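One-letter residues, chain by chain:
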Amino acid sequence: MEARSASEREALLRAAAPLIELALAEDIGTGDVTTETTLSPESQVHGYIVAKASGIIAGLPVAEMVFRYVASTVRFIARVGEGEEVSPGTLIAEVTGPAHAVLAAERTALNFLQRMSGVATLTRCFVDAVACTATTILDTRKTIPGWRALDKYAVRMGGGANHRMGLYDMILIKDNHVAAAGGIRLAIERARAAHPHLPIEVEVRNLEELQEALAITPPVDRILLDNMSVEQMRQAVSIAAGRVPLEASGGITLGRAVEIAETGVDYISVGALTHSAAALDISMELATAHRPPTPSERSTRIAEIKARLGRQVLILAHHYQRDEIIAHADVIGDSLELARQAARSDAAVIVFCGVHFMAETSAILARPGQDVVMPDPAAGCYLANTATLDAVQSAWERLAEVFGDAERVFTPVTYINSSAALKAFCGCHGGLVCTSSNAARVLHAALEQRERVFFFPDQHLGRNTARRMGIAPEEILLWSRGHPPSAEAIRKAKVVLWPGACNVHQRFRPQDVLAVRRQFPDVRILVHPECKQEVVALADDTGSTRHIIEQVQAAAPGTRWAIGTEARLVQRLQRQHPEQQIMLLSEAPPFCRTMGQTTAEKLLQLLEALARGERPHRITVDQEIAHWARIALERMLAL
Ligand code: 13P
Ligand code: SF4
């Protein structure tokens, strides 16, 4: 990300500079009369910028610029990254410097940070809501006057994409233009003749206008479906049949976004992202005698307790964990490796720093008497949560209706990112578990056993693996929860995919690959198989977390990489391999929110409790479920 994020930061600060000047002038005016009269000019302060609510951070470079604008001696240290999720109490940044400057700049800096983080947070809500579909969330021009670049930057940090920046960089033909020009065709012809290199989008209000717009040759770049009903949009998707990308627009709310995305539209533009985002609650507290421990004090305390607990406690951390956790881990690994290490260890307590399904897997494989605990047991996995036992069971029943007996025809295969109940479902129906490292081997074995596979919950891992094995697209069926497929479609399918997806990996888009390649023709693009097939198809290599790490470790110095996986891992690889040019594949760093829920503070609390002889946040699995889930896991391990 180095070069790209540096230029993005520069562009942001160029746009922010005049706004900062204006904002400081309106706030400070002729001087901060309160601070100037109550505090000596020599006094120094140390402030903690802390989140008061959960959300996505955007605008730290702008906040820093505000402080440094007032006094260049202020030191600003960001403690989280742009695009990173925070929860109440998360330390966002520390500010040190002359009291007069820090206090005079505080409100303005927070105003920028709160507003931009609010936009990023609302954007992420929309992006997450449609993560199981292929739809991209776009912003609009409904931005605060003068703030266009900042608002649009915040949308990117939230994981959304930008629509046109202004009236100058894209042609968008609306009904007024059509009426004035005398028809869609004429309007397009004129615009195209005047600006042959600009993309053209045309707005349609009904299906007749859509047909008219689709008939234009060469085709326009995008068609905007203005204020259509969900049913009309579904018909529009079927009429367009992929010939021109479609954008849904008009009155989009969070509640409607999912059903609109499920119609198959390519884009949804949401004015609310920038016109209705509430500021994220963030405040600055000055250091006092009762200040919270600093990150380094907390780290020292964790190390002390850990040393005291000795070999009875083993701390495991997944590669996507925060650095403050990785620093204390006995073992760092991917999900399977961690579960295996746990079972091999003779520690009485396994402290699992990862997400819930991983700790559950570890608890299933643990030796008798071993306890698995999590610093935050509420850290789930978005992907795992897309498939519940009930929903999978009802799909299984539908398969049984078509074939008489689903188990005779289908091997159920669950990705390890799933609940213990789904692993048990596979165990007791002759199926097994897979990971991103062994998905092809598992799918082969499953298809040798029975003629078809029912794969859940990640549609992308399933599709990418099946395609690599040479299974034709017509033989791959994506399940739909709302509209179960017809018997005919089911009979044609060799692989039935659950419509789940990871909201982190799903965010990489083919445009990201194309943009990086344009800028760096020598780049090697390496992506995780939880990414969409269109992204995998354009990448140079695809593989599991372990594969990604191994490729980077083995590469020659100077190799340039764009990596499509979780941001904390990629940022760590950047630091560990300064001899290589490593960047993230997307502009906005794709952090796994739930992996970030485990903080040093929670780890410290857990270790303190263990030192008192308590066993909080123990992960337990019902015996019957654990029995069948273990069978499904052992079938995988035996391959
Ligand atoms: P690993 O199995 O490679 O650890 O990946 C788990 C995961 O959650 C990827 O997003
Ligand atoms: Fe789950 Fe995706 Fe996070 Fe992995 S990155 S733990 S699949 S949400």
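Residues numbered from 1 in each chain as written. Chains lettered and ligands numbered in written order. Predicted model: local features only at pLDDT ≥ 70, side-chain atom pairs only at ≥ 80, totals over all residues. Heavy atoms only, no water.

Participant: For this particular structure, what's the right way to read the overall build of the protein chain?
Facilitator: Looking only at helices and strands, the protein chain has 27 helices and 25 strands in total. For the protein chain, the C-alpha radius of gyration of 26 Å lies close to 26 Å, the compact-globule estimate for 639 residues. Relative to its full complement of 639 residues, the protein chain shows a buried share of 56%. Here the analysis covers contacts within the protein chain between residues at least 6 apart in sequence; of these, 69% occur between residues at least 24 apart. Carbon and sulfur atoms make up 51% of the accessible area of the protein chain, which totals about 26100 Å². Taking the 66 positively charged and 73 negatively charged side chains of the protein chain as two groups, their mean positions are separated by 3 Å. (Helix = DSSP H or I, 4+ residues; strand = E, 2+ residues; numbered from the N terminus. Rg over C-alpha atoms; globule rule 2.2 N^0.38 Å. Buried < 20%, exposed > 50% of the residue type's maximum accessible area, 1.4 Å probe, protein only. Contact = heavy atoms within 4.5 Å. Areas by Shrake-Rupley, 256 points an atom, 1.4 Å probe, with all protein chains shown as cover. Lys, Arg positive; Asp, Glu negative; His and termini not counted. Charge placed at Lys NZ, Arg CZ, Asp CG, Glu CD.)

Participant: Would you explain the sheet that holds strand S3 (residues 75-78) in this entry?
Facilitator: Hydrogen bonding along the main chain pairs the strands of a sheet, whether they run parallel or antiparallel. Ordered in space as S3-S5-S1-S12, the 4 strands form an open sheet in which the pairing is antiparallel. Single-partner strands in this sheet number two, and they are S3 and strand S12 (282-286). Sheet twist, expressed as the average angle between the axes of neighbouring strands with direction ignored, equals 20°. With 5 bridges connecting them, strand S1 (residues 44-51) and S12 associate as antiparallel partners. Bridge pairing in S12 links Ala51 to Ile282. (Pairing = 2+ DSSP bridges. Axes fitted to C-alpha atoms, helices over the stretch in contact; angles between N-to-C directions.)

Participant: Can you help me understand the site of ligand 2 in this one?
Facilitator: The local shell around ligand 2 holds 13 residues, among which Cys381, Asn417, Cys502, Glu530 and Cys592 are the closest. Here ligand 2 is seated within the largest cavity. Looking at the shell around ligand 2 residue by residue, the class counts come to 9 nonpolar, 3 polar and 1 charged. (Near = heavy atom within 4 Å. 1 Å grid on protein atoms, 1.4 Å probe; cavity = no way out; pocket = protein on both sides within 12 Å on 5 of 7 lines; lining within 4 Å. Sits in = over half its atoms within 2 Å of the grid points. Nonpolar A, V, L, I, M, F, W, Y, C, P; charged D, E, K, R; others polar.)

Participant: I tried to follow the site of ligand 1 on my own but got confused; where do I start?
Facilitator: Neighbouring ligand 1 are His318, Tyr320, Asp334, Ser335, Met358, Asn417, Ser436, His505, His528, Glu530 and Thr545. Interatomic distance of 2.5 Å between a side-chain N/O atom of His318 and an oxygen atom of ligand 1. When ligand 1 is considered free in solution it has 300 Å² of accessible area, and contact with the protein chains removes 95% of it. Of all the cavities here, the one that holds ligand 1 is the largest cavity. For the shell around ligand 1, the residue count by class is 2 nonpolar, 7 polar and 2 charged. (Polar contact = N/O pair within 3.5 Å; in protein donor to acceptor, adjacent residues only side chain to side chain.)

Participant: What is the right way to look at the pattern of salt bridges in this model?
Facilitator: Opposite charge on two side chains permits them to pair, given that their charged atoms come into close proximity. All chains considered together, the criterion is met by 33 salt bridges. Salt-bridge contacts for Asp175 lead to Arg205; the nearest nitrogen and oxygen are separated by 3.5 Å. Of this pair, Asp175 sits in helix H6 (residues 175-181) while Arg205 sits in the loop between strand S8 (200-204) and helix H8 (207-214); the two residues are 30 residues apart in sequence, bridging distant segments of the chain. Residue classification places Arg205 among the partly exposed positions, given a relative accessible area of 41%. Two residues, Arg517 and Asp540, come together in a salt bridge whose shortest N-O distance is 3.3 Å. Here Arg517, found in helix H22 (residues 510-519), pairs with Asp540, found in the loop between helix H23 (533-538) and strand S23 (541-542); they are 23 residues apart in sequence, far enough to count as distant. Linked by salt bridges that have partners in common, Glu84, Arg322, Glu566 and Arg568 make up one network. (Salt bridge = Lys/Arg side-chain N within 4 Å of Asp/Glu carboxyl O.)

Participant: Please explain the pairing of strand S9 (residues 222-226) as it appears in this structure.
Facilitator: The side chains of a regular strand alternate between both faces of the sheet. A large share of S9 lies buried, amounting to 5 of its 5 residues. Where S8 and S9 come together, 4 bridges link them in parallel fashion. Looking across to S9, one finds that Val202 is bridged to Ile223. Regarding the hand of the β-α-β motif, the stretch spanning S8, H8 and S9 is right-handed. Judged from the 4 bridges that link them, S9 and strand S10 (residues 246-249) form a sheet pairing that is parallel. (Right-handed = clockwise from strand over helix to strand, strands pointing away.)

Participant: Honestly, empty space enclosed by the protein in this entry has me stumped. Any pointers?
Facilitator: Over the atoms a probe the size of a water molecule is rolled, and this reveals where empty space is left. Under the criterion given, the structure shown has 2 cavities of 30 Å³ or more. Taken as a whole, the largest cavity holds about 290 Å³ of empty space. Tyr320, Met358, Tyr415, Asn417 and Glu530 are the residues nearest the centre of the largest cavity, which is lined by 27 residues in total. Counting residues per element, the ones that place at least two in the lining of the largest cavity are helix H14 (335-344) and helix H15 (356-365). Split into classes, the residues belonging to the lining of the largest cavity amount to 14 nonpolar, 11 polar and 2 charged. Quantified by volume, the second largest cavity comes out at close to 40 Å³. Taken together, Glu85, Arg124, Asp128, Asn503, Val504, Arg507, Phe591, Cys592 and Arg593 make up the lining of the second largest cavity. (Points joined across faces, edges and corners; volume = space filled by probe spheres on them.)

Participant: So what exactly am I meant to see when it comes to the sheet that holds strand S19 (residues 452-456) here?
Facilitator: Spatial ordering of the open sheet is given by S18-S17-S19-S21-S20, a layout of 5 strands whose pairing is parallel. Of all strands in the sheet, those bounded by a partner on one side alone are strand S18 (432-434) and strand S20 (476-478). Going from strand to strand, the sheet's axes swing by 25° on average, the running direction of each strand aside. The pairing of S19 with strand S21 (residues 495-497) spans 3 bridges and is classified as parallel. Its bridge partner lying in S21, Phe455 is registered against Leu497.

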